Amino acid sequence: MALSRDITIDDAAFKVAAQGMKDLKKRAEDLKTKLEQMYDDLSTALDTPAGKAIELKAKDVLIEPIENLRLVIEHISSTLTEIMGSGYYKDVFVKFEELNNSIQF
């Protein structure tokens with residue numbers, strides 16, 4: 001069975017995606033920093049037990065998920081950077097085509 005469509009690997013698209021992920025990571029880091037500062041300011045302004053509760057919940061509810069998102073973005077970015085120009089995906093398709101050709105009857 002032959003492939004009905006060709007799959008192409010575009011290294012330029014990988015570069016654009018990798019740069020976009022780096023930019024997104026920076027934006028997530030900036031957002032985390034701004035939220036931490038905002039909640040520090042808010043908890044200082046509310047120097048009461050309620051202010052401390054707001055500070056603690058902010059870290060759990062808003063800041064921790066942003067940090068987790070940043071870690072995911074960082075992983076995707078480094079994966080894209082690692083595979084760019086390496087022919088990693090291209091080799092997969094070449095080997096598939098070789099296997100496909102060797103089992104044809």
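In case you missed it, the structure is sitting above this.
Residues numbered from 1 in each chain as written. Predicted model: local features only at pLDDT ≥ 70, side-chain atom pairs only at ≥ 80, totals over all residues. Heavy atoms only, no water.

Visitor: Where do I start with the overall build of the chain in this structure?
Guide: Helix and strand content of the chain: three helices and zero strands. Going from N to C terminus, the chain has its helices and strands arranged as α-α-α. Taking all 105 residues of the chain together, the buried fraction comes to 17%. Within the chain, contacts between residues at least 6 apart in sequence are counted, and of these 81% link residues at least 24 apart. A total of about 8,100 Å² of accessible surface is found on the chain, and carbon and sulfur atoms cover 61% of it. (Helix = DSSP H or I, 4+ residues; strand = E, 2+ residues; numbered from the N terminus. Buried < 20%, exposed > 50% of the residue type's maximum accessible area, 1.4 Å probe, protein only. Contact = heavy atoms within 4.5 Å. Areas by Shrake-Rupley, 256 points an atom, 1.4 Å probe, with all protein chains shown as cover.)

Visitor: Would you mind showing me how to read a nonpolar patch on the surface here?
Guide: Judged by side-chain polarity, Tyr89, Val92 and Phe93 come together as a nonpolar surface patch covering roughly 240 Å² of accessible area. Residue Val92 is classed as partly exposed on the basis of its relative accessible area, which comes to 44%. (Patch = residues over 30% accessible without salt bridge, like charges linked within 9 Å, V, L, I, M, F, W, Y side chains within 5 Å. Salt bridge = Lys/Arg side-chain N within 4 Å of Asp/Glu carboxyl O.)

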